[in-house]
Amino acid sequence: MKKLTAIIGMFALVSNTLHAQDIIKHRQYPQNYFRPPMDIAPQASGSFGELRATHFHGGDDYRTQQKINIPVYAVADGFVSRIRVQIGGGGNSIYLDHPNGYTSVYLHLESFNNELNAFIKAEQYKQKRFDVDLFLKPGQFNLKKGQLLANSGNTGGSAGPHLHFEIRDTKQQLPFNTQLFGLTFPDGIKPIIRGVTLYDLDNPIFDENTPRRHQTVKALANGNYSLAGSSPIPVNGKFGLGINTVDRRKGISFTYGVYSIELFLDNKNISTVLFEAIPFDKTRAIHSYIDYPYWKKSNVRVQKSFKQPGNPIDIYAQLDNSGVMELKDDKVHQVRYVVKDVQGNATEINFEVQRNTNYVVKNNPSNAGKYFNFLLDNIYQADNFKVTIPKNTLYDNLNFTYSEGQKPANGYSQLHRVHNKFTPVFGSYTLSIRPTADLKKELYSKALLVSTDGGAQGGKYENGLVTASVRSFGDFYVAVDTIAPTITARNLVNNKNVGAQKQIDFTIQTTYPVYSHLMHILMANGC
């Protein structure tokens with residue numbers, strides 16, 4: 001009986017290993033080289049490639065039992081190549097270069113080990129500033145695998161105690177999915193499919209007017225999914241597909257990003273999206289990867305399996321005809337989505353599509369406006385307004401629209417409607433607005449552009465226009481900021497002895513909230 005148990009156990013181990021390897025990878029990753037960054041049982045609050053509001057998540061977020069000061073260790077031998085202290089962003093962070101060509105990165109730390117703390121403190125005094133970004137040479141601070149590096153925290157732009165952990169290619173600073181190195185989280189749960197969307201794509205410009213047909217799905221007993229209806233989806237012309245999917249893990253309420261999404265038409269691989277590595281300079285292209293107009297309207301992220309022509313990100317292991325399909329006959333065709341997490345747990349949904357020439361696509365394209373080619377520099381100018389959009393800033397060609405509205409109550413110009421908020425842009429463009437006559441000369445230096453959605457955009461008055469670099473479309477106007485920021489101490493009172501206090505907390509507020517946030521300033525020597 002013991003022998004049989006051993007055989008069954010060995011078979012289960014082999015099966016699980018094969019299952020876990022059943023994922024697509026473009027390179028081999030070292031196994032057993034890196035250790036976990038903490039000694040507590042690994043649980044994740046966020047995963048690599050997870051869809052965030054403005055980017056793909058570039059690492060794994062380790063839970064720290066809802067507290068700070070969990071010891072963080074060097075995951076392998078290496079030297080500290082960079083230390084950064086920020087008020088926002090990653091807060092206190094360390095970069096550790098390893099001999100095998102990778103760099104491990106640790107963000108939102110509460111504090112560093114004693115040697116590093118002393119070094120950073122000296123640099124802060126030397127530079128007379130709190131935020132520092134220090135690049136170190138090999139040999140200054142060498143660490144062995146398992147040596148104490150820091151303590152976990154909640155610094156910077158963190159919404160709760162956790163450790164953000166990355167592994168990057170040292171030369172390219174390209175972040176990889178850390179679980180590919182064997183630093184896995186317990187997982188035996190298949191990804192969840194919440195919905196499928198069919199897009200009618202005869203109009204070559206994808207925007208908020210593109211016809212969308214959202215399909216309801218139902219879970220099957222085997223863990224896979226099907227459409228709620230059994231009839232083939234009718235198509236007539238070019239079409240694409242998208243999927244709403246997330247990953248789950250046993251016993252945890254969080255949702256996570258998936259690792260791969262494969263789309264097949266009659267067993268032909270049309271599109272494969274792979275969250276293996278994501279370059280930082282392309283991560284904003286998440287706005288083109290998802291159905292951005294639908295997300296802005298519904299707060300639901302549909303991951304498109306077709307690619308807009310101006311989307312620069314390369315997360316596609318396979319992409320046939322940009323993911324756009326067209327049926328040439330009236331036969332029933334089989335569609336299959338396969339969604340996997342990084343450990344190979346897979347979920348499928350199968351359904352059918354069929355050409356029906358009697359099906360009328362409910363197409364409502366907007367041909368009004370000035371045509372912009374995403375490959376070219378584009379300029380639009382009116383009496384009180386000018387916009388200059390560099391080439392490759394747009395994700396797609398665009399019928400650009402503009403209108404002028406009523407002057408806002410606190411504005412120094414008319415309201416200028418720059419296209420609409422449902423069209424994302426990849427890079428920055430230049431926006432210039434002419435203020436009204438009530439902007440006096442003494443206010444020129446205080447003038448800025450303000451969005452009705454996103455607050456202050458900055459700007460400078462020059463040659464009769466207020467000009468700023470902007471990264472979104474929407475409604476803008478000229479305003480002035482004549483009120484200095486207010487700084488309020490949160491844990492200070494007059495004559496308080498702060499000798500034993502680790503930090504002083506301030507709230508900084510501005511008229512137009514660009515940098516308003518809670519500052520955490522570490523105390524040194526009780527001063």
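Because the structure is predicted, anything quoted here is derived from the model rather than measured.

## A closer look at the overall build of the protein
Step number 1: The secondary structure content of the protein amounts to 4 helices and 38 strands.
Step number 2: For the protein, whose C-alpha radius of gyration is 27 Å, the value lies close to the compact-globule estimate of 24 Å for 527 residues.
Step number 3: Counting only C-alpha atoms, the protein reaches 85 × 80 × 35 Å along its principal axes.
Step number 4: Counting every position in the protein, which comprises 527 residues, the buried fraction comes to 48%.
Step number 5: The contacts in the protein between residues at least 6 apart in sequence include a share of 68% that link residues at least 24 apart.

## Some words on the packing of aromatic side chains
Step number 1: Per the counting criterion, the structure on display carries 29 aromatic pairs.
Step number 2: Judged by centre distance (6.5 Å) and plane angle (45°), the ring pair of Phe254 and Tyr256 falls under tilted.
Step number 3: Its relative accessible area of 2% is what places Tyr256 among the buried residues.
Step number 4: Here a set of aromatic residues connected by ring pairs shows up, and it is made of Phe372, Tyr380, Phe385, Phe400, Tyr402, Tyr429 and Phe473.
Step number 5: Sitting above the plane of the Phe264 ring, Arg336 keeps its charged end 4.3 Å from the centroid.

## Structural notes on the environment of Lys121
Step number 1: Along the chain, Lys121 turns up in helix α2 (residues 114–127).
Step number 2: Sequence separation between Lys121 and Val132 is 11 residues; the distance between their C-alpha atoms is 10.0 Å.

## With respect to the sheet that holds strand β13 (residues 212–215)
Step number 1: Read across the sheet, 4 strands follow the order β13-β12-β17-β20 without closing on themselves; strand pairing throughout is antiparallel. The strands lining the two open edges of the sheet, one partner per strand, are β13 and β20 (303–304).

## Regarding the confidence of the model for the protein
Step number 1: In this model, the protein carries an average pLDDT of 91, and 93% of its residues clear a pLDDT of 70 or more.
Step number 2: Low pLDDT, under 50, characterises residues 1–21; the stretch is placed with 6 contacts to residues that sit more than four places away or in other chains.

## A few points about the pairing of strand β34 (residues 465–470)
Step number 1: Across 5 bridges, the pairing between strand β30 (residues 429–433) and β34 is antiparallel. Looking at the pairing, Ile433 lines up with Val466 of β34.
Step number 2: Note that strand β33 (residues 460–462) and β34 share 3 bridges and pair antiparallel. Note on β34: the bridge partner recorded for Lys460 is Thr467.
Step number 3: Counting the residues that bridge the hairpin from β33 to β34 gives 2 residues, and of these Asn463 lies at a positive phi of roughly 55°.

## Looking at the nonpolar core
Step number 1: Residues Phe34, Val80, Ile94, Tyr106, Leu109, Phe112 and Leu116 are the most contacted members of the largest nonpolar core, which totals 45 residues.
Step number 2: Residue assignment for this core shows that the elements contributing at least two residues are β4 (78–85), β5 (92–97), β6 (102–112), α2, β7 (132–135), β9 (148–152), β10 (162–169) and β11 (174–176).
Step number 3: It is β6 that contributes the most residues to this core, 4 residues altogether.
Step number 4: Core analysis: the next-biggest nonpolar cluster, separate from the first, contains 41 residues, Leu265, Ile313, Met325 and Tyr395 among them.

## Re the environment of Thr452
Step number 1: Within the element layout of this structure, Thr452 appears in the loop between β31 (447–451) and β32 (455–458).
Step number 2: Assessed through its relative accessible area of 45%, Thr452 is described here as partly exposed.
Step number 3: In the structure, Thr452 is positioned 25 residues away from Tyr477 in sequence and 8.2 Å away in space, judged by C-alpha atoms.
Step number 4: If we skip the residues at most four places from it in the chain, Thr452 touches Leu415, Asp475 and Tyr477.

## Quick look at the side chain of Thr393
Step number 1: Within the secondary structure, Thr393 is located in the loop between β26 (385–389) and β27 (398–400).
Step number 2: The class for Thr393 is buried, based on a relative accessible area of 4%.
Step number 3: Among the polar contacts listed, one links the side chain of Thr393 to the backbone oxygen of Pro390, at a separation of 2.9 Å.
Step number 4: Ignoring sequence-local partners within four residues, the contact set of Thr393 consists of Val425, Phe426, Gly427 and Ser428.

## Some words on unusual backbone geometry
Step number 1: One non-glycine residue, Gln173, adopts positive backbone phi at about 55°.
Step number 2: Take Gln173: it is sitting in the loop between β10 and β11.
Step number 3: Owing to a relative accessible area of 28%, Gln173 belongs among the partly exposed residues under this scheme.
Step number 4: Residues other than glycine seldom take positive phi values, yet Ser322 does so here, at roughly 60°.
Step number 5: Relative to the helices and strands, Ser322 resides in the loop between β21 (316–319) and β22 (332–340).
Step number 6: Judged by relative accessible area, which is 36%, Ser322 ranks as partly exposed.

Definitions and cut-offs
- Residues numbered from 1 in each chain as written.
- Predicted model: local features only at pLDDT ≥ 70, side-chain atom pairs only at ≥ 80, totals over all residues.
- Heavy atoms only, no water.
- Helix = DSSP H or I, 4+ residues; strand = E, 2+ residues; numbered from the N terminus.
- Rg over C-alpha atoms; globule rule 2.2 N^0.38 Å.
- Buried < 20%, exposed > 50% of the residue type's maximum accessible area, 1.4 Å probe, protein only.
- Contact = heavy atoms within 4.5 Å.
- Phe/Tyr/Trp six-rings, centres within 6.5 Å; stacked < 30°, edge-to-face > 60°.
- Lys NZ or Arg CZ within 6 Å of the ring centre and 35° of its normal.
- Pairing = 2+ DSSP bridges.
- pLDDT = per-residue confidence, 0-100.
- Core = buried A, V, L, I, M, F, W, Y, C linked by side-chain atoms within 4.5 Å.
- Polar contact = N/O pair within 3.5 Å; in protein donor to acceptor, adjacent residues only side chain to side chain.

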